[in-house]
There are 2 protein chains.
Amino acid sequence: MLLGLGVVYDFPKYSIFQRGLIQVLNIKVEKAKELKQKPDFNNLGFGTDFTDHMFMMNYTEGQGWHDPRIVPYGPITLDPSAMVLHYAQEMFEGMKAYKTEDGRALLFRPEKNIQRTNVTNDRLCIPKINEEDMLQAIKALVSVEKDWIPTASGTSLYIRPFIFATDPFLGVRASATYLFMIILSPVGAYYKGGINPVKIWVETEYVRAVKGGVGYAKTGGNYAASIKAQMKAKERGYAQVLWLDGVERKYVEEVGTMNVFFKIDGEVITPALEGSILPGITRNSVIELLHSWGISVTERKLSIDEIYEAAEKGTLEEAYGTGTAAVISPIGQLNYNGKIITINDGKIGELSQRIYDTVTGIQTGAAEDSFNWTVEVE
Amino acid sequence: MLLGLGVVYDFPKYSIFQRGLIQVLNIKVEKAKELKQKPDFNNLGFGTDFTDHMFMMNYTEGQGWHDPRIVPYGPITLDPSAMVLHYAQEMFEGMKAYKTEDGRALLFRPEKNIQRTNVTNDRLCIPKINEEDMLQAIKALVSVEKDWIPTASGTSLYIRPFIFATDPFLGVRASATYLFMIILSPVGAYYKGGINPVKIWVETEYVRAVKGGVGYAKTGGNYAASIKAQMKAKERGYAQVLWLDGVERKYVEEVGTMNVFFKIDGEVITPALEGSILPGITRNSVIELLHSWGISVTERKLSIDEIYEAAEKGTLEEAYGTGTAAVISPIGQLNYNGKIITINDGKIGELSQRIYDTVTGIQTGAAEDSFNWTVEVE
């Protein structure tokens, strides 16, 4: 991922997917003796129910990644000195499997999550994972748990691959051993009554990340650091925070744990990936979709003042977050230092709705996948 | 810890230690059936050997901290969805117990670690711990493991209290359950052949922390983010990195995982605690010690350029890191963008040596403890 001393903050352009190298993992499967009773698929939460099985693979220095296996879902044992509990050398990914009307299981751009895994691993000094191996592991587990993919509108099977450092050691360095796991959780529609614009608190005290740090990597520390501001926003009646940059404290970066887009005077603007922002896969998909529709998208610095000036002039048309969980989360209101602006009268914008319908349509197989974004699990 | 919207980056001034409130934990003790063979105390590493027992206490929302217990050291079980493995909601402390010549066990300023625990907890949204309870837990465990305190010069029993989020949940929020643990590890002299100045790489690409983030808290994410720069320095033949601030990229912040001091023209300077720097207990002790010796110490911004200019003028007299592990780690050389300066001819400075001798003397009971810094474990 290193080009000289520079770092690739976005998805790497070349990967084994493009080079066509294939390596086949020999995954051992140990089926659960008793299957769980499935939760009510019409009343699912997020990340609280887990399926019957999980994927595990170990890393040992000198030996590499080894022992890929699917085993019954259950607790893991760790030495209390395991490095992850002290120094947070850990990473995760988030993606979803959807069931089509005709019963096929679809993944959405899994290669992007897999490529980002190795971008994160590189920053966290976690050993790389063979991309084809990781795809195979995801497919194998989803295939075993196909019955766990809910079918109601807006529901899906959330896929959580993650890696953490397991060395029983209290010095600060990269671990020599790791555990890579995948767990699955059936999840409900993010917005039960359809997508609704939310109120957002523009955060001026706390900072999510800064260039030179780990903001572009999907690692626990970014999320631990964000909880305090999130709680502060909640206490004030806001759904989430809009993060400003850590240097000048004026450029917008992300909203909650999502990327953010603003439509001003016909132009769609999203912050450029300069090291402190997560390169979201939904973000990337929305940009490609807008380009295909002939809508101008600019990736650049966007100050909170520019947004407020547009609101004053009446040119701030839409604003929304993008992420795997919600796909699109429209922003109805911003509060910056007590100054409140309402966007599109607090209603979902036309473009936001069109993006939401198209992306979820492709994900669930209801719309034509002209981008070849979905990957079927046999 | 909150004063209005401001945050206390240093130790809080008032604590139950000063208010004299005492609460007595009812710690259950389950002794190990078989004791481990102790490692060779004359040849100890750091953080690789652990004692026979550990302390554990659970937190459950609504119930608070409960079930304090000392149990045989051994693996813990976690659900794979335990929040700490995904979002790094975790904290730790590091301190040491020393054995005096007449066989007494001494802690060094434990109240500072305990106060800092709650500063960290506040930032990470981890529930506070009663300060007297935590002291009692540390004392109880060290008392059970007194035979594990090594006595050779420079050795000690390292104490690692830590807390992590255990909710089996994939949403991003503060956990409703936590585990607080203390583990102990006999550790060798940080520098086997006495303290020796090290070569330091001034890091210009990676950033440790920024104001508004979690730099002042003792949490895993800060350490995970630091590994990459540390490896880069090691590959280039340097022992550690000197971190510059994340905003202007010119003010020194910390060295490796230590606070940093420079002596320029008779004045001792250390970066002020403004949110991105850990409020070190050795740092605080060194400042108090220097004041008591009538030596001027200034806590302020110090740019790397000012240091290089001083080196050029011949007024850069000494430089050293301070931390629990090494106490004092003198800096013999800096490399900033390829420009190398040598400090005090690469030899340990007079003041560095005096601080080291005094602090370690107090810690081990060999020197008079005029500050009342040590606390005896019965």
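Residues numbered from 1 in each chain as written. Chains lettered and ligands numbered in written order. Predicted model: local features only at pLDDT ≥ 70, side-chain atom pairs only at ≥ 80, totals over all residues. Heavy atoms only, no water.

Now for the overall build of chain A. In terms of helices and strands, chain A carries nine helices and 21 strands. Scaling as 2.2 N^0.38, a compact globule of 378 residues should have a C-alpha radius of gyration of about 21 Å, and chain A matches this with 21 Å. For chain A, the C-alpha atoms occupy an extent of roughly 60 × 50 × 45 Å along the three principal directions. Within chain A, the proportion of its 378 residues that are buried is 62%. Restricting to contacts in chain A with at least 6 residues of sequence separation, those with at least 24 account for 72%. With the model as given, the accessible surface of chain A reaches about 14,400 Å², and the carbon-plus-sulfur share is 47%. (Helix = DSSP H or I, 4+ residues; strand = E, 2+ residues; numbered from the N terminus. Rg over C-alpha atoms; globule rule 2.2 N^0.38 Å. Buried < 20%, exposed > 50% of the residue type's maximum accessible area, 1.4 Å probe, protein only. Contact = heavy atoms within 4.5 Å. Areas by Shrake-Rupley, 256 points an atom, 1.4 Å probe, with all protein chains shown as cover.)

The transformation that overlays chain B on chain A combines an axial shift of 0.0 Å with a rotation of 180 degrees, and the residual RMSD is 0.0 Å. Look at the turn and shift together and you get a two-fold axis relating the two. When you check the interface residues of chain B against chain A, 100% turn up at the interface there too, and the contact is symmetric in its surfaces. (Least-squares fit on C-alpha atoms with pLDDT ≥ 70 in both.)

Turning our eyes to something else, we now look at the UniProt feature "modified residue: N6-(pyridoxal phosphate)lysine" (unreviewed entry) in chain A. Residues and elements named next belong to chain A. With numbering matched to this structure, UniProt assigns "modified residue: N6-(pyridoxal phosphate)lysine" (unreviewed entry) to Lys218. Structurally, lysine 218 is set in the loop between strand 12 (198-202) and helix 5 (220-224). Note on lysine 218: relative accessible area 10%, which makes it buried. Residues within four places of lysine 218 in sequence aside, it is in contact with Met91, Phe92, Glu93, Gly94, Arg116, Thr120, Tyr223 and Leu278. (UniProt positions renumbered as here; feature names shortened; annotations may be inferred.)

Moving on, we get to the pattern of salt bridges. Residue and element names in this part refer to chain A. The full count for this structure, using the stated rule, is 34 salt bridges over all chains. Note that arginine 173 is salt-bridged to aspartate 167, the shortest N-O span being 2.9 Å. Classification of arginine 173 as partly exposed rests on a relative accessible area of 32%. Given a relative accessible area of 7%, aspartate 167 falls into the buried group. Between arginine 300 and glutamate 267 there is a salt bridge, with its nearest N and O atoms 3.9 Å apart. Residue arginine 300 is located in the loop between strand 17 (297-299) and helix 8 (304-313), and its partner glutamate 267 is located in strand 16 (residues 267-270); the two are separated by 33 residues in the primary sequence. Exposure remark for arginine 300: the relative accessible area of 24% places this residue in the partly exposed category. Residue glutamate 267 is classed as partly exposed on the basis of its relative accessible area of 24%. One network of salt bridges, with partners in common, ties together Asp102, Arg104 and Glu376. (Salt bridge = Lys/Arg side-chain N within 4 Å of Asp/Glu carboxyl O.)

The next point concerns the domain arrangement of chain A. Residues and elements named next belong to chain A. Split by domain assignment, chain A resolves into domain 1 (2-189) and domain 2 (198-361). Each of domain 1 and domain 2 has a C-alpha centre, and the two are 27 Å apart. Contact residues are listed per partner, giving 23 residues for domain 1 and 23 residues for domain 2. When domain 1 packs against domain 2, close to 2,100 Å² is buried across both sides, 60% of that on carbon and sulfur atoms. Of all residues in domain 1, the largest losses of buried area upon contact with domain 2 belong to Tyr9, Arg116 and Arg123, amounting jointly to 34% of the total for that side. (Domains from an automatic or database assignment. Buried area = accessible area lost by both parts, 1.4 Å probe.)

Bringing the interface of chain B and chain A into the picture now. Reports often express the size of an interface as the amount of accessible area lost when the parts come together. Taken together, the contact between chain B and chain A spans 67 residues of the former and 67 residues of the latter. If you sort the residues of chain B by the area they bury against chain A, Pro80, Leu85 and Leu170 of chain B come out on top, with a joint share of 12%. At the junction of chain B and chain A, the tally comes to two salt bridges. Linking aspartate 122 of chain B and lysine 228 of chain A is a salt bridge whose minimum nitrogen-to-oxygen distance equals 3.1 Å. On inspection of chain B and its partner chain A, the count reaches 24 residue pairs in polar contact (both at pLDDT 80 or more). Of all the elements, helix 6 (residues 227-235) of chain B adds the most residues to the side of chain B that touches chain A, at five residues. Class assignment for the residues of the side of chain B that touches chain A results in 38 nonpolar, 17 polar and 12 charged. In this structure, strand 6 (residues 76-78) of chain A lies alongside strand 6 (residues 76-78) of chain B, joined through three bridges in antiparallel fashion. Bridge pairing links threonine 77 of chain A to threonine 77 of chain B in strand 6 of chain B. (Polar contact = N/O pair within 3.5 Å; in protein donor to acceptor, adjacent residues only side chain to side chain. Nonpolar A, V, L, I, M, F, W, Y, C, P; charged D, E, K, R; others polar. Pairing = 2+ DSSP bridges.)

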